[in-house]
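The primary structure of each chain is shown beneath.
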Amino acid sequence: MATSRAFTQCRLRPLHAYSSRPSTRSTAPRPRTSPIRAQRPMSVMSRSYQDALQKLAELQSNRTVTQLFGSTPEQSNAKARDLNAVAIPEVIRWLGRAGYSTDDLCRMRHIHVAGTKGKGSVCAYATSMLRRYGAVGTYTSPHLVSPRERIAIDGEPVSQELFAAAFFELWDRFTEAARREGRDAAAAEGPGSKPFFFRFLTIMAWHIFLGRGVRNVVMECGIGGEYDATNVLPARAVSAAVISQLGVDHVAMLGDTVEKIAWHKAGVLKDGVKGFTVRAEPSVMGVLRQRAAEKKATLVEVDPDEVAAWRGVEGNLKGGFQKMNQALAVLAVREHLNMGGGGWEDLPDEMASGLREATLRGRCEVVHDGEQTWLLDGAHTRESLAEVARWLRENVQEGQEVILVFNQQERNAGELLAGFLREVNEVTGWEVFKSAVFTRNELKGGGDGDVAVQEGAAKTMRDIVPACDTAVFDNVEDAVLHARNLVRNKAKGKVLVTGSMHLVGGVLRVLEPDGLL
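Reading the values: rules and limits
- Residues numbered from 1 in each chain as written.
- Predicted model: local features only at pLDDT ≥ 70, side-chain atom pairs only at ≥ 80, totals over all residues.
- Heavy atoms only, no water.
- Helix = DSSP H or I, 4+ residues; strand = E, 2+ residues; numbered from the N terminus.
- Buried < 20%, exposed > 50% of the residue type's maximum accessible area, 1.4 Å probe, protein only.
- Contact = heavy atoms within 4.5 Å.
- Areas by Shrake-Rupley, 256 points an atom, 1.4 Å probe, with all protein chains shown as cover.
- Axes fitted to C-alpha atoms, helices over the stretch in contact; angles between N-to-C directions.
- Parallel < 35°, antiparallel > 145°, perpendicular 65-115°, else oblique.
- Left-handed = near helix turned anticlockwise from the far one by under 90°.
- Nonpolar A, V, L, I, M, F, W, Y, C, P; charged D, E, K, R; others polar.
- UniProt positions renumbered as here; feature names shortened; annotations may be inferred.
- Pairing = 2+ DSSP bridges.
- Phe/Tyr/Trp six-rings, centres within 6.5 Å; stacked < 30°, edge-to-face > 60°.
- Lys NZ or Arg CZ within 6 Å of the ring centre and 35° of its normal.
- Patch = residues over 30% accessible without salt bridge, like charges linked within 9 Å, V, L, I, M, F, W, Y side chains within 5 Å.
- Salt bridge = Lys/Arg side-chain N within 4 Å of Asp/Glu carboxyl O.
- Lys, Arg positive; Asp, Glu negative; His and termini not counted.
- Charge placed at Lys NZ, Arg CZ, Asp CG, Glu CD.
- Right-handed = clockwise from strand over helix to strand, strands pointing away.
- Polar contact = N/O pair within 3.5 Å; in protein donor to acceptor, adjacent residues only side chain to side chain.
- Expected span 1.5 Å × (residues − 1).
- Arc of directions from axis to C-beta.
- Core = buried A, V, L, I, M, F, W, Y, C linked by side-chain atoms within 4.5 Å.

**Concerning the overall build of the protein chain**
Okay, step 1: Counting secondary structure elements, the protein chain contains 19 helices and 14 strands.
Okay, step 2: Counting over 517 residues, the protein chain shows a buried share of 56%.
Okay, step 3: Within the protein chain, counting contacts between residues at least 6 apart in sequence, those at least 24 apart form 77% of the total.
Okay, step 4: Surface exposure of the protein chain reaches about 21,900 Å², of which carbon and sulfur atoms provide 48%.

This is the structure we're talking about:
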């Protein structure tokens, strides 16, 4: 689309006039008119897609919000209680300012996905299967390259035109609501009268889906579940819930044990709705069962041994661990489609095809860059990095060396790296990494330049693998250039990028500079 910055005062076209692809549901009922409708832009401004990105960048970021909780459980307990207590009421108020109520969300049926590991894969599998049965909207996070990735229709990110139109429609509604609440014109128009980044995009996803007549939605939680912005969904709007595999993550917000984290993730369970999860250790299952009883939900526990005995469906998403994600997605989709009993073993052709063709950027992804091969996986927990170690073994020859590019900005990078190196050594039996690159996730000029975390990780690498050459960078562009130089003289050389989805996204931006934002 054109990115002209010419100023306009024309009325916005209705949202349904924009499309990321031809609608397959032209006969769907028109959405009910919402109570707030901006009759014209609240200010004279350019409204291109690039302008929408600039405005989006002005909103309070997810990282800023998570830092409010403190860096340790001891620091964050009191703050977490206070912030969590107001989270859902605040999102409901923002939803109202946008012109919607939670009842409006009941015009869609959601598969709601929480968990620590496998959330993205479950969403990808569920989306790919549901596409065979009708239009489907998907909301996921984080994005790797473009925020449009977070909001998809029939598996494709919404178009730039649709994204910009929806963004400014909501921006105007929030502005008008702020004016009615007594703010002056400048304050009402600015980012301070808008929800923070994740909440804005969550409401925007529903705005787009309702405007496009989408009735089937796969929705991934951002962080946790109980107090996540997506959890304003009432029970009537949820067809099935999924709690994927659990691990320790976002400690300051969710707690420092798997049991505490399980409590938060189980927040997506709803009265009268089936929730599907993997049977875990007794202490975790005790929490999940208690939460299901409190919420009057039906908890369906998947036996990992039964899934392990299943062949699974070989497809685009690699790794034996994907069988568990496939099984959870199949059960949720069957429930969503009211297909009755049945599991993952005897699949209709449509569902098997959906599993086979599902894709997810940044997860066991292979990118060929000339003679070199880049292996990318955004694993960022001890357990998921162990899976990356096994996936790496499947992609290297006996004795082959690989360049490692690693970062983990928000967790104990050294500890995660050490565990990962132990796993790699165990599954390969030789020193795979003779060179390692540690970098911040930002492009040039995008960060504060502090590389203390990366220096610490590099020291851990040298302590464990003394013969390994290490390099540290404050931006991903220089890190990729250095890795390219290292691998250039190696026939069929390979680079593994892991530790952070944000790192993988940055590397993809450098490897694919022509990719549209």
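**Some words on the packing of helix α5 (residues 119-130) against helix α13 (residues 322-336)**
Okay, step 1: Across the interface, α5 lies against α13 with an axial gap of 8 Å and an inter-helix angle of 45°. On the basis of their axis angle, the class for α5 and α13 is oblique. Crossing of α5 against α13: the hand is right-handed. Residues S121, V122, Y125, A126, M129 and L130 of α5 pack against Q322, N325, Q326, L328, A329, V330, V333 and H336 of α13.
Okay, step 2: Looking at the contact of α5 with α13, its residues break down into 9 nonpolar, 5 polar and no charged.

**Some details on the side chain of S141**
Okay, step 1: If you trace the backbone, S141 turns up in the loop between β2 (137-139) and β3 (151-153).
Okay, step 2: Looking at S141, the relative accessible area reads 14%, which means it is buried.
Okay, step 3: Excluding residues that lie within four positions of it along the chain, S141 makes contacts with R150, F198, E220, C221 and G222.

**Quick notes on the UniProt feature "binding site: Mg(2+)" (unreviewed entry) in the protein chain**
Okay, step 1: The sites that carry the UniProt feature "binding site: Mg(2+)" (unreviewed entry) are, in the present numbering, S141, E220 and H250.
Okay, step 2: For E220, a relative accessible area of 4% gives the class buried.
Okay, step 3: In this structure, E220 is in contact with V113, K119, G120, C123, Y139, T140, S141 and T230, ignoring residues within four places of it in sequence.

**Observations regarding the environment of A165**
Okay, step 1: Looking at the secondary structure, you find A165 in helix α6 (residues 160-180).
Okay, step 2: Distance from A165 to I208, taken between C-alpha atoms, is 9.6 Å for residues 43 residues apart in sequence.

**What about the sheet that holds strand β8 (residues 298-302)?**
Okay, step 1: Taken together, 8 strands build an open sheet; the order of strands is β4-β3-β2-β5-β1-β6-β7-β8 and the sheet is mixed. Two strands in the sheet have a free side with no partner beyond their single neighbour: β4 (156-157) and β8.
Okay, step 2: Where β3 lies against β4, 2 bridges are found, and the strand directions are antiparallel. In the sheet register, A152 faces β4, and the bridge partner there is P157.

**With respect to the packing of aromatic side chains**
Okay, step 1: Evaluated as defined, the whole model comprises 12 aromatic pairs.
Okay, step 2: When the centroid spacing of 5.5 Å and the interplanar angle of 90° are considered together, the rings of W94 and F174 count as edge-to-face. Separated by 80 residues along the polypeptide, W94 in helix α3 (residues 73-97) and F174 in helix α6 bring together distant segments of the chain.
Okay, step 3: Judged by relative accessible area, W94 falls into the buried class, the value being 14%.
Okay, step 4: For F174, a relative accessible area of 0% translates into the label buried.
Okay, step 5: On the numbers, 6.2 Å between centres and 35° between planes, the contact of Y227 with W263 is tilted. Taken together, the positions of Y227 in the loop between β5 (216-220) and β6 (238-243) and W263 in helix α10 (residues 258-265) put the pair 36 residues apart, joining distant regions of the chain.
Okay, step 6: Chaining the aromatic ring pairs together yields one cluster made of W94, F167, F168, W171, F174 and F200.
Okay, step 7: Against the face of W94 rests R97, its NZ or CZ located 4.4 Å from the ring centre.
Okay, step 8: Note that K194 overlies the ring of W171, its terminal NZ or CZ placed 4.4 Å from the centroid.

**Quick word on a negative patch on the surface**
Okay, step 1: On the surface, D305, E306, E345 and D346 cluster together to form a negatively charged patch.
Okay, step 2: Along the chain, E345 turns up in the loop between α13 and α14 (349-357).
Okay, step 3: The class for E345 is exposed, based on a relative accessible area of 63%.

**Overview of the sheet that holds strand β14 (residues 494-498)**
Each strand in a sheet pairs with another by means of backbone hydrogen bonds, the pair being arranged parallel or else antiparallel.
Okay, step 1: A sheet is described by the order of its strands in space; here 6 strands give the open sequence β9-β10-β14-β11-β12-β13, paired in mixed fashion. Because the sheet does not close on itself, it has two edges, and the strands there are β9 (365-369) and β13 (469-473). With strand direction ignored, the average angle separating the axes of adjacent strands in the sheet is 20°.
Okay, step 2: In this structure, strand β11 (residues 403-406) lies alongside β14, joined through 4 bridges in parallel fashion. By the bridge assignment, F406 is partnered in β14 with T498.
Okay, step 3: Sitting on the sheet, helix α16 (residues 413-428) is in contact with β11, β12 (435-439) and β14, with an inclination near 150° to β11.

**Remarks on the pairing of β8**
Each regular strand carries side chains that alternate between the two faces of the sheet.
Okay, step 1: With 5 bridges joining them, strand β7 (residues 274-278) and β8 adopt parallel strand pairing. Among the inter-strand pairings, K274 is bridged to a residue of β8, identified as T298.
Okay, step 2: Handedness of the crossover is the feature at issue here: the chain leaves β7, passes through helix α11 (residues 282-295), returns alongside β8, and the resulting connection is right-handed.

**Concerning the side chain of E220**
Okay, step 1: Checked against the element boundaries, E220 lands in strand β5.
Okay, step 2: A polar side-chain atom of E220 sits 3.4 Å from the main-chain amide nitrogen of S141.

**Comments concerning helix α17 (residues 452-464)**
Okay, step 1: If you check α17, its first and last C-alpha atoms are 19 Å apart, about what 13 residues at 1.5 Å a residue would give, namely 18 Å.
Okay, step 2: Taken as a whole, α17 has its buried residues at Q454, A457, A458, T460 and M461. Taken around the axis of α17, the buried residues stretch over an arc of 155°, which confines them to a single face.
Okay, step 3: The elements touched by buried residues of α17 are β11, α16, β12 and β13.

**Here's the deal with the nonpolar core**
Okay, step 1: Residues M204, I208 and F209 are the most contacted members of the largest nonpolar core, which totals 48 residues.
Okay, step 2: Breaking this core down by element, the ones donating at least two residues are α1 (49-58), α3, β3, α6, α8 (197-211) and β5.
Okay, step 3: Ranked by residues supplied to this core, first place goes to α8 with 11 residues.
Okay, step 4: L317, L328, L331 and V333 belong to the second-largest nonpolar core, a separate cluster that totals 34 residues.

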